[in-house]
Amino acid sequence: MTTYVLIPGAASDSWYWHLLTAELRARGHDVVAPDLPCEDDSAGLSEYADVVVDAIGDRTDLVVVAVSFGGFTAPLVCVRVPVELLVLVTAMVPTPGEPPGDWFANTGWVRDERDERDDDVDVFLDGVSPELAAEATRRVRRQSETPSTEPWPLHAWPDVPTRFLLCRDDRFFPAEFMRRVVRKRLGIAPDEIDGGHAVALSHPGQLADRLEAYRTALPRSPQA
């Protein structure tokens, strides 16, 4: 049985993944979606990874999926437990030694001036139903600045098959911006899906389809 390990973004929790979790479990998979200690000022990226690894326990056949700020934590998990596949969904892609707080300037991210009049929540949740958007807004957590100030500790990207799925309608990480970042930092062409930054809330079925397609395309080890 495959276990999907779902890592949330900043100021978020496992509820963000609840619709995708249902989709994946309906297809016969296990799902681990831990809440990261984002409100804890003593917790940095290593502690975030600790929480994920502890939640995984002795599970195997792991597919790690990360969204947004979760892109800084997911590779740390991949060097600590055997992972079959890493999927970044409209996620930040770090480079060695880079603090998350420097990522925006280093990548040349610029907020679309059309969005400057909108609340951040509107930008993040564009395309999400009003009911889900209201619940997501209610669930926003305080995000400590601690992990944003720490250099990303890996010296290289983990030796794990990696896929990147950008969201064509993402107003926070626009598609053209992410195409450039992914090609430069991962050396691969990203795949694309309809939806905005919160694609797991707006298009959970389509996202599950893409994750399953990635999983089934993995080469299988010959049976002993």
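Up top is the structure these notes are about.
These numbers were taken from a predicted model, which means no experiment stands behind them.

Draft legend 1. Up close: the overall build of the chain. Counting secondary structure elements, the chain contains 10 helices and six strands. Taken over C-alpha atoms, the radius of gyration comes to 16 Å for the chain, in line with the 17 Å a tight globule of 224 residues would show. If one aligns the C-alpha atoms of the chain with their principal axes, the spans along those axes are about 60 × 35 × 35 Å. Restricting the contact set of the chain to residue pairs at least 6 apart, pairs at least 24 apart contribute 76%. Taking the 22 positively charged and 37 negatively charged side chains of the chain as two groups, their mean positions are separated by 4 Å.

Draft legend 2. How the structure looks around the side chain of Glu212. Relative to the elements of secondary structure, Glu212 occurs in helix H10 (residues 204-217). Relative accessible area serves as the criterion here: at 12%, Glu212 is assigned to the buried category. When near neighbours in sequence (up to four residues on either side) are disregarded, Glu212 contacts Tyr4, Arg27 and His29.

Draft legend 3. A look at the layout of surface pockets. What the largest pocket holds in volume is close to 790 Å³. In terms of lining, the largest pocket is formed by 32 residues, of which the most central are Gly9, Ala10, Ala11, Ser68 and Phe124. Sorting the residues of the lining of the largest pocket by element identifies strand E3 (62-68), helix H5 (120-124) and helix H6 (130-138) as the ones contributing at least two each. If one sorts the elements of the lining of the largest pocket by residue count, H5 sits on top with three residues. Taken together, the residues of the lining of the largest pocket break down into 18 nonpolar, nine polar and five charged.

Draft legend 4. View of the sheet that holds strand E4 (residues 85-91). A sheet is described by the order of its strands in space; here six strands give the open sequence E2-E1-E3-E4-E5-E6, paired in parallel fashion. Taken across any chain shown, the strands that pair with only one partner, and hence form the sheet edges, are strand E2 (30-32) and strand E6 (191-193). Recorded for the sheet is a direction-independent mean angle of 25° between the axes of neighbouring strands. In the sheet, E3 pairs with E4 via six bridges, with the strands oriented parallel. Bridged to Ala66 within E4 is Leu88. Helix H8 (residues 175-186) rests against E4, strand E5 (162-167) and E6 of the sheet, and its axis sits at about 165° to E5.

Draft legend 5. Main features of empty space enclosed by the protein. Inspection of every chain in the model, using the stated rule, returns two cavities of 30 Å³ or more. By volume, the largest cavity is sized at about 60 Å³. Surrounding the largest cavity, Pro8, Gly9, Ala10, Ala11, Ser12, Leu36, Cys38, Tyr48, Phe69, Gly70, Thr73 and Gln143 form its lining. Grouping the constituent residues of the lining of the largest cavity by class yields seven nonpolar, five polar and no charged.

Draft legend 6. How the structure looks around the packing of aromatic side chains. The tally for this structure, following the rule as stated, stands at 13 aromatic pairs. Here the aromatic rings of Trp103 and Phe177 are separated by 5.9 Å at their centres, their planes lie at 90°, and the arrangement is edge-to-face. One end of the pair, Trp103, is in helix H4 (residues 103-107); the other, Phe177, is in helix H8, with 74 residues separating them in the sequence. Overall, the relative accessible area of 0% leaves Trp103 in the buried class. Considering the side-chain rings of Phe104 and Phe173, the 6.2 Å spacing of their centres and the 45° angle between planes classify their relative orientation as tilted. Separated by 69 residues along the polypeptide, Phe104 in helix H4 and Phe173 in the loop between E5 and H8 bring together distant segments of the chain. Residue Phe104 is classed as partly exposed on the basis of its relative accessible area, which comes to 25%. Within the aromatic cluster, the residues linked to one another by ring pairs are Trp103, Phe104, Trp109, Phe124, Phe172, Phe173 and Phe177.

Reading the values: rules and limits
Residues numbered from 1 in each chain as written. Predicted model: local features only at pLDDT ≥ 70, side-chain atom pairs only at ≥ 80, totals over all residues. Heavy atoms only, no water. Helix = DSSP H or I, 4+ residues; strand = E, 2+ residues; numbered from the N terminus. Rg over C-alpha atoms; globule rule 2.2 N^0.38 Å. Contact = heavy atoms within 4.5 Å. Lys, Arg positive; Asp, Glu negative; His and termini not counted. Charge placed at Lys NZ, Arg CZ, Asp CG, Glu CD. Buried < 20%, exposed > 50% of the residue type's maximum accessible area, 1.4 Å probe, protein only. 1 Å grid on protein atoms, 1.4 Å probe; cavity = no way out; pocket = protein on both sides within 12 Å on 5 of 7 lines; lining within 4 Å. Points joined across faces, edges and corners; volume = space filled by probe spheres on them. Nonpolar A, V, L, I, M, F, W, Y, C, P; charged D, E, K, R; others polar. Pairing = 2+ DSSP bridges. Axes fitted to C-alpha atoms, helices over the stretch in contact; angles between N-to-C directions. Phe/Tyr/Trp six-rings, centres within 6.5 Å; stacked < 30°, edge-to-face > 60°.

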